[in-house]
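For reference, the chains in residue letters:
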Amino acid sequence: MTEIAHGAVVVLPGEAIVSRWWRTIDKGVLGALVLLFAVGLLLGFAASVPLAERNGLQPFHYVYRQAFFGGLAFVVMLGISMMSPHMVRRLGVIGFFFAAAAVMLLPVLGTDFGKGAVRWYSLGFASVQPSEFLKPVFIVMTAWLMASAAEPNGPPGKSISFAVLVVIVAFLALQPDFGQAMLTIVAWSAVYFVAGAPIAILTGVVACVGLAGVFAYQNSEHFARRIDGFLSPDVDPRTQMGYAIDAIREGGFFGTGVNEGRVKWILPDAHTDFIIAVAAEEYGLLMVLFIVTLFAFISARCLIRLCHERDTFIRLAGTGLTVLLASQAFINLGVAVRLLPAKGMTLPFVSYGGSSLIAMGALTGMLLCFTRTRPQAEIGDHLLSNGYR
Amino acid sequence: MIFRRKPKPVATDPFQPVTPRVPRPRDPVAVAPPRENPEKMRLRAERRLKFTAACFVFGFAVVGLKMGAISASEAREPRTGGLAGAGIVSARADITDREGRVLATNVTATALYAQPHLMVDPVAAAEGLARIFPDMKVDTWTRRFTSGSKFYWLKGNISPEQQQAVHDLGEPGLLFGQREMRVYPNGPLASHVLGGARYGAQDVRAAEIKGVAGVEAVFNDYLSDPAREGAPLRLSVDLSVQTAVERVLASGMGLMNAKGAAAILMDAKTGEIVSLASLPDFDPNDRPAPATEGDPGDSPLFNRAVQGVYELGSTFKIFAAAQSLELGLTNAGTMIDTQGPMRQGRHRIRDFHDYGPRLSVTDVIVKSSNVGTARMALDIGAARQKAFLESLGFFAPTPVELTEAPGARPIVPTRWPEISTMTISYGHGLSASPLHLATAYASLLNGGTRVTPTLLARDDAVEPGARVVSPRVSAEARHMLRQVVTRGTASLMEVEGYQVGGKTGTADKPSPTGGYYDDKTITTFAGIFPAQDPEYVIVVSLDEPSIFAAGEERRTAGWTAVPVASEIVRRVAPLLGLRPDFDPRADSFGAYLTQAAASR
């Protein structure tokens, strides 16, 4: 009975879909996403020019492409966010099987674009990286399995989803794409954590990882050198990292000014992995802090909204998607300021990339759908917090 | 059913068929297992969600702060990343010996670097550089100069002639940086004391010099402290004495076919190290890379005098004898049973020669009887022996000002059974560095007060340290050691006019596979001069010496370490300003007692 009472989106009689959507959508997060995309376009004017020049295209070619794909992404996002969670779950699980199959078929049908890792399908006018699409639907699948495990007589969803995780991560590592594999593991762990992972397992895993790290540091010279190099305060100024740090410093608080930046001409990945360095150089610390604040706002707001969610599936899926988005952003930013060891990862919505934009649109669409306002028996919360049971 | 748009039931979960499951009769307990209270679960999830949110907010805040820190930092050329803050201090004080003679100093040097974006003609620049510096390849540097990079170091130190030649190229993109270069004008002399230096942080205006080992590393901050205005660091080492010691030690090591040698000359009263040598050595101007294979103990970088811990053999016997006297268990003339072999469990202790059934304490030392020493040690007992050796500094690393010293912890047995008491009394089963031995000899024999070894010159009078033995016992021990030279195992040690006293020690080298080699020894001589009122302690140690002398292959200290030590004393005693004393009365026991009374 309780499920029926508060599980569904409140329908005012005769209300239109769009009006209901506008009333219940998280307008803060939606606004932040629009701002992020706008910032991405603005930075694209700066960062993608050298790439266009290298490829013999007109200077703003990639900006127009980004705008086109961004438009598509927003259509996808809005479309998905208007669905019911029920529908999203159904489509997500179906989509999972398609995306998983696409990832698994990569070794046969994929192409590596001469970059040494088979991650893409070439569609002629664009390329698609199926792992980008796999991540969000995998999270939906995981959340569904874990939520069902909490139901009476439910299946052992946690074990099944763990098995699925192992398979997916194995295929991602085969490409090889350790960045996506790591993100998938992080997001799955977050879902498991919120789904009620026992403290014993959590401490055990943390201890094991810590011990393994110490062991590797003491026994593997290669590993130790990587860590020492990362920890040492000196950066070789001729590495990507050195240039990125240099650019951030050059920009100072207010930046060198539009199109005055140099780093985008040096770094091959200025329009993707190191776009924050371009932002810092041309627009200064203010722009960087703005971007960082937007990401922090989106992740914190989504997670807090999910706190009051009664439905286990929505809670878990929302958590996983938020963590996916936030940790990808965090890793991208952390690498550029040398908080984390070098690992290529795009900045969601800001970095250039067609299929990644659409995948992000799908991800945020699901997230917006899950964070829509639903009645959550707030009265009960008030009573509980006052000690009535 | 969680989300319901129509009243019609929809099967959303493939694991739960719509048709109710009928429990099979033989499985009557297939009901829903107890699940957690959903409200409890939700509260836990809420806590964990808040935790996750806090983690992300914290993470993004750290990213923002780091960004701010980088933005606020000063750009420098070359931009060496996170090195923010104060400028580089390139000044570094000299290091001198005790007389003020220079052991380490700086000279001005010039570094060459390139800024390709300032270049008029990068190709011509690369060709010109290749003419001046034959090791620079035209192709490589042409490619680098045209790659769009803005900065390259070309050469660390170039000569004035080379600098002029680069000037003459007339290329504005080739620039010179000023820096200081650490120079050790005496080459390998005292290399293990000085250690060496390298460049730390560097930019085009200056380069920081950092000590990597020895006193350069220990006093790194002190030497580069601008507040001291370049006042030199004065060591206790004496350059001329160090030269003599190293020369004699090197030729002695060759003569005795040893693979390594170490020598220490220490002021017996103050603990100042006048000379410290370890062979093989190296040139600190061109410090070799640490050995990656083989025994690190055989590397030229290894300081045998400080880092090497060895079983030092019979040089330890004087500690047992002195303690026995100090405790009043014996006096110098007490007869000790030396009938061997002595059995202890399954161990047997025997002497090099059979010295007959009984020897006086003095003769136990003079003839170096293991059995006699072990008997004295048994009377002393493990606890008192341990405490005595600890008071002499054998349980801790030496506090000398070298980076290597804290790592050289003596190897002492964890349990201390009677057999350990016996073997340690004659220097087996406890490993210590030659510096430990020199410190202990100085403490025991200077009148009985503990000294602290140091490499810094001490100008002010040194307060005597804690008392180890009484002046009387110290004098008796000195007299015994003197007799070891006049009529015992160190007879080759006699240096006319400088009454040397001391003790030999020959220890079989432990083999890495367990047990001991029977053809590899470490021979040590530890002594004092002049014996009646010691000014200096000398320790000489040879690794795997062997010499064919008097008709047979000799590996004992009396034939190897002693002649080397005696030659060192013969050379350095005049340099140290000691007056030779040829008066035969100087050797009488009365002279020792007078000294003991004076130091009381």
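Residues numbered from 1 in each chain as written. Chains lettered and ligands numbered in written order. Predicted model: local features only at pLDDT ≥ 70, side-chain atom pairs only at ≥ 80, totals over all residues. Heavy atoms only, no water.

Trainee: Quick question: what am I supposed to make of the sheet that holds strand β9 (residues 273-279) of chain B here?
Mentor: Paired through backbone hydrogen bonds, the strands of a sheet run either parallel or antiparallel to each other. Residues and elements named next belong to chain B. The five strands are arranged β9-β8-β18-β17-β16 in an open sheet whose pairing can be described as antiparallel. Each edge of the open sheet is held by one strand with a lone partner, namely β9 and β16 (501-510). Each strand axis lies, on average, 10° off the axis of its neighbour in the sheet, ignoring direction. In the sheet, β16 pairs with strand β17 (residues 516-529) via nine bridges, with the strands oriented antiparallel. Across the sheet, residue Pro 510 finds its bridge partner in β17, namely Tyr 516. Strands in contact with helix α16 (residues 561-575) are β8 (260-267), β16, β17 and β18 (536-543); relative to β18, the strand with the most contacts, it is inclined by about 140°. (Pairing = 2+ DSSP bridges. Helix = DSSP H or I, 4+ residues; strand = E, 2+ residues; numbered from the N terminus. Axes fitted to C-alpha atoms, helices over the stretch in contact; angles between N-to-C directions. Contact = heavy atoms within 4.5 Å.)

Trainee: Before we go on, may I ask you to explain the packing of helix α2 (residues 122-132) of chain B against helix α4 (residues 160-169) of chain B in this structure?
Mentor: Geometrically, a packed helix pair is captured by the angle between its two axes and the distance between the axes. Residues and elements named next belong to chain B. Put simply, α2 and α4 touch, their axes get as near as 10 Å, and they point 155° apart. Here α2 lies roughly antiparallel to α4, going by the angle between them. Here the hand of the crossing between α2 and α4 comes out right-handed. Note on element contacts: α4 touches α2 through Gln 162, Ala 165, Val 166 and Leu 169, opposite Ala 125, Gly 128, Leu 129, Arg 131 and Ile 132. (Parallel < 35°, antiparallel > 145°, perpendicular 65-115°, else oblique. Left-handed = near helix turned anticlockwise from the far one by under 90°.)

Trainee: What should I look at first to understand helix α6 (residues 85-104) of chain A in this one?
Mentor: Quick reminder: α-helices carry 3.6 residues per turn. Residues three or four places apart thus point the same way. All names here are of chain A. Taking 1.5 Å per residue, 20 residues should reach 28 Å; α6 reaches 28 Å between its end C-alpha atoms and fits that length. Here α6 has its buried residues at Pro 85, His 86, Val 88, Arg 89, Gly 92, Val 93, Phe 96, Ala 99, Ala 100 and Val 103. Those residues of α6 that are buried lie in contact with α5 (61-82), α7 (106-109), α8 (130-149), α9 (157-174), α16 (312-336) and α17 (354-370). (Expected span 1.5 Å × (residues − 1). Buried < 20%, exposed > 50% of the residue type's maximum accessible area, 1.4 Å probe, protein only.)

Trainee: Would you explain the pairing of β16 of chain B in this entry?
Mentor: Successive residues of a regular strand alternate their side chains across the two faces of the sheet. In terms of burial, β16 of chain B is a largely internal element, seven of the ten residues being buried. Hairpin connection, β16 of chain B to β17 of chain B: the antiparallel pair is bridged by five residues, and Gly 514 of chain B has positive phi, about 100°.

Trainee: Sorry if this is basic, but what is going on with the environment of Pro 300 of chain B here?
Mentor: Residue and element names in this part refer to chain B. Assignment of secondary structure puts Pro 300 in the loop between β9 and β10 (310-311). Relative accessible area serves as the criterion here: at 32%, Pro 300 is assigned to the partly exposed category. Separated by 109 residues in sequence, Pro 300 and Ser 191 have C-alpha atoms that sit 9.8 Å apart. With residues up to four places along the chain from it excluded, the contact list for Pro 300 reads His 192, Pro 280, Asp 281 and Phe 282.

Trainee: When you look at the packing of aromatic side chains in this model, what are you seeing that I'm missing?
Mentor: Two aromatic rings are characterised by how far apart their centres lie and by the angle between their planes. Tallied over the full model, the rule gives 28 aromatic pairs over all chains. Ring geometry for Phe 96 of chain A against Phe 97 of chain A: centres 5.5 Å apart, planes inclined by 70°, an arrangement best described as edge-to-face. Three or more aromatic residues joined by ring pairs make a cluster, and in this case those are Phe 295 and Phe 330 of chain A together with Phe 56 and Phe 60 of chain B. Note that Arg 89 of chain A overlies the ring of Phe 313 of chain A, its terminal NZ or CZ placed 5.3 Å from the centroid. A cation over a ring is seen here: Lys 520 of chain B above Tyr 517 of chain B, with NZ or CZ 4.4 Å from the ring centre. (Phe/Tyr/Trp six-rings, centres within 6.5 Å; stacked < 30°, edge-to-face > 60°. Lys NZ or Arg CZ within 6 Å of the ring centre and 35° of its normal.)

Trainee: I would appreciate a short explanation of a nonpolar patch on the surface in the present structure.
Mentor: A cluster of nonpolar side chains, Met 87, Leu 91, Ile 94 and Phe 98 of chain A, forms an exposed patch at the surface whose accessible area comes to about 390 Å². In this structure, Ile 94 of chain A sits in helix α6. (Patch = residues over 30% accessible without salt bridge, like charges linked within 9 Å, V, L, I, M, F, W, Y side chains within 5 Å. Areas by Shrake-Rupley, 256 points an atom, 1.4 Å probe, with all protein chains shown as cover. Salt bridge = Lys/Arg side-chain N within 4 Å of Asp/Glu carboxyl O.)

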